[in-house]
Amino acid sequence: MCSSDLIPEFRQIITEKNRDFVGREFVFTAIDNFLHKCHRGYFTIIGEPGIGKSSILAHYVSQNPGVLYYNVELAGKSHPGEFLTNICTQLREIAQYQGIKNLPSNFLDATTENSSFLSSLLQQVSDKLNLEQRLIIVIDACDKINMNQQTRGVNIFYLPRYLPEKVYFILSRRPFVKDKSGLLIETPSESLDLSNYPEQNRLDIQKYRQNYLNTHNIDHQLLTQITEEESNFMYVKEILTAGNYQVDSDNLRSEEHTSELQSPDHLVCRVLLEKK
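Residues numbered from 1 in each chain as written. Predicted model: local features only at pLDDT ≥ 70, side-chain atom pairs only at ≥ 80, totals over all residues. Heavy atoms only, no water.

*Asks:* Help me understand the pattern of salt bridges, please; the structure alone is not making it clear to me.
*Replies:* Side chains that differ in sign of charge can pair as their charged atoms come close. By the definition in use, this model includes 9 salt bridges. The salt bridge involving Glu165 is made with Arg40; its shortest N-O contact spans 2.3 Å. With Glu165 in the loop between β3 (135–140) and β4 (167–173) and Arg40 in the loop between α2 (25–37) and β1 (41–46), this pair connects stretches of sequence that are 125 residues apart. Its relative accessible area of 34% is what places Glu165 among the partly exposed residues. For the salt bridge of Glu82 with Lys77, the shortest nitrogen-to-oxygen distance reads 3.0 Å. (Salt bridge = Lys/Arg side-chain N within 4 Å of Asp/Glu carboxyl O. Helix = DSSP H or I, 4+ residues; strand = E, 2+ residues; numbered from the N terminus. Buried < 20%, exposed > 50% of the residue type's maximum accessible area, 1.4 Å probe, protein only.)

*Asks:* Explanation requested: the packing of aromatic side chains in the structure shown.
*Replies:* Where two aromatic rings form a pair, the distance of their centres and the angle of their planes describe that pair. All chains considered together, the criterion is met by 13 aromatic pairs. The interplanar angle of 50 degrees and the centroid separation of 6.1 Å between the aromatic rings of Phe21 and Phe28 together place this pair among those described as tilted. Overall, Phe21 belongs to the buried group, its relative accessible area being 18%. Ring geometry for Phe34 and Phe43: centres 5.6 Å apart, planes at 55 degrees, overall tilted. When its relative accessible area of 1% is taken as the criterion, Phe43 is described as buried. (Phe/Tyr/Trp six-rings, centres within 6.5 Å; stacked < 30°, edge-to-face > 60°.)

*Asks:* For this particular structure, what's the right way to read the side chain of Ser54?
*Replies:* Tracing the backbone shows Ser54 in helix α3 (residues 53–63). The class of Ser54 is buried, set by a relative accessible area of 15%. Each residue touching Ser54, except ones within four places of it in the same chain, is listed here: Lys17 and Asp140. (Contact = heavy atoms within 4.5 Å.)

*Asks:* Whenever I open this one, empty space enclosed by the protein confuses me. Can you help?
*Replies:* Overall, the coordinates contain 1 cavity of 30 Å³ or more when judged by the stated rule. Here the residues of the lining of the largest cavity sort into 2 nonpolar, 2 polar and 3 charged. (1 Å grid on protein atoms, 1.4 Å probe; cavity = no way out; pocket = protein on both sides within 12 Å on 5 of 7 lines; lining within 4 Å. Points joined across faces, edges and corners; volume = space filled by probe spheres on them. Nonpolar A, V, L, I, M, F, W, Y, C, P; charged D, E, K, R; others polar.)

*Asks:* Help me out: how do you make sense of helix α6 (residues 116–128) in this one?
*Replies:* Owing to its 3.6 residues per turn, the α-helix brings residues three or four apart onto one side. For α6, spanning 13 residues, the distance from its first C-alpha to its last is 19 Å, which sits close to the expected 18 Å at 1.5 Å a residue. Three or more residues of α6 are buried, namely Phe117, Leu118, Leu121, Leu122, Val125 and Ser126. Buried positions in α6, seen along its axis, are confined to an arc of 170 degrees and lie on one side of it. (Expected span 1.5 Å × (residues − 1). Arc of directions from axis to C-beta.)

*Asks:* How should I be thinking about α2 in this particular structure?
*Replies:* The end-to-end C-alpha separation of α2 is 18 Å, in line with the 18 Å expected for 13 residues at 1.5 Å each. Among the residues of α2, Phe26, Val27, Phe28, Ala30, Ile31, Phe34 and Leu35 are the ones counted as buried. Buried-residue contacts for α2 involve β1, α3, β3, β4, β5 (189–193) and α7 (198–215).

*Asks:* Just to check I follow, could you spell out the pairing of β4 for this structure?
*Replies:* Every regular strand shows the same layout, with side chains that alternate between the two sheet faces. Within β4, 7 of the 7 residues are buried, which leaves it mostly tucked inside the rest of the structure. Of the two faces of β4, the one holding Val167, Phe169, Leu171 and Arg173 and the one holding Tyr168, Ile170 and Ser172 are both buried throughout. Pairing of β1 with β4 involves 6 bridges; the strand directions are parallel. What sits directly across from Tyr42, in β4, is Phe169. Direction of pairing for β3 relative to β4: parallel, over a ladder of 5 bridges. Each residue of the ladder has a partner; that of Ile139, found in β4, is Leu171. (Pairing = 2+ DSSP bridges.)

*Asks:* It is not clear to me how the layout of surface pockets should be interpreted in this structure. Could you clarify?
*Replies:* A water-sized probe rolled over the atoms picks out the places where empty space is left. Within this model, the largest pocket holds a volume of roughly 830 Å³. Residue assignment for the lining of the largest pocket shows that the elements contributing at least two residues are α1 (8–18), α3, α7, α8 (233–252) and α10 (264–275). If you tally residues by element for the lining of the largest pocket, the top one is α8, at 5 residues. Looking at side-chain class alone, the lining of the largest pocket contains 12 nonpolar, 7 polar and 15 charged residues. In this model, the second largest pocket occupies a volume close to 260 Å³. Every residue lining the second largest pocket is counted, 15 residues in all, and those nearest its centre are Leu35, Tyr60, Asn64, Val67 and Ile136. For the lining of the second largest pocket, the elements supplying multiple residues, two or more each, are α2 and α3. In terms of residue class, the lining of the second largest pocket is made up of 7 nonpolar, 5 polar and 3 charged.

*Asks:* So what exactly am I meant to see when it comes to the packing of α1 against α3 here?
*Replies:* When two helices pack together, their arrangement is given by the angle between the helix axes and the distance between those axes. The interhelical angle for the contact between α1 and α3, taken along N-to-C directions, is 110 degrees, at an axis separation of 8 Å. The orientation of α1 relative to α3 falls into the category roughly perpendicular. Touching Ile14, Lys17 and Asn18 of α1 are Ser54, Ser55, Ala58, His59, Val61 and Ser62, all from α3. The residue makeup of the contact of α1 with α3, split by class, is 3 nonpolar, 5 polar and 1 charged. (Axes fitted to C-alpha atoms, helices over the stretch in contact; angles between N-to-C directions. Parallel < 35°, antiparallel > 145°, perpendicular 65-115°, else oblique.)

Quick look at the structure:
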């Protein structure tokens, strides 16, 4: 099965989020187990900001090139019509590659109305998959979807209530204030809340930190701000980036450099605010 190339913005964020990636094997194991025990379904990764949801999905996509990908958090991508147009375009190319004919020529108009065209494409692609193939669509940052741009009471992004065989959606989102997934579905589903795995998160943070220290020149004084119990990847990454910046700026310090570079204190303050 062949899928279309990712749009440049998506390729860029996958490359960035996948940089220096380590660990998270317990998440990938859970995903694989779900794919093997269910013939279709929705799998959702839940976690607080900075815990590594986007990096997990970016790494998963990089390791599985046939997976379709969409990131809600990028500018202009939170509108349901944009999602449906993007994903249906990718699906239409897969369908054409599979030899499916008589696809509507005006499908871009159809995608913005509801999920009927998406459901139709999913079914057509599913029918052409062999026993070893799956169609997997990854949607990152579902909590950023603009719900004001779609009909009240429907699924986020008009995602289908029913899925055909061998079709899966892997989603990520922050915890909701109320126990609502934004999905009304009648198909297998499972969620993994990263907060339920504190020890695995802590060990992965330590591994990430050690790998970073082995490959970068760091101001070690900043490492005192990272406790052994820290589980927020964004915070640790900003601390290490700030430490790397400090060493580089010491080596390159001049009037023209110091006037342009961002201070490590600012980087650290920014992520501390984001953690609150």
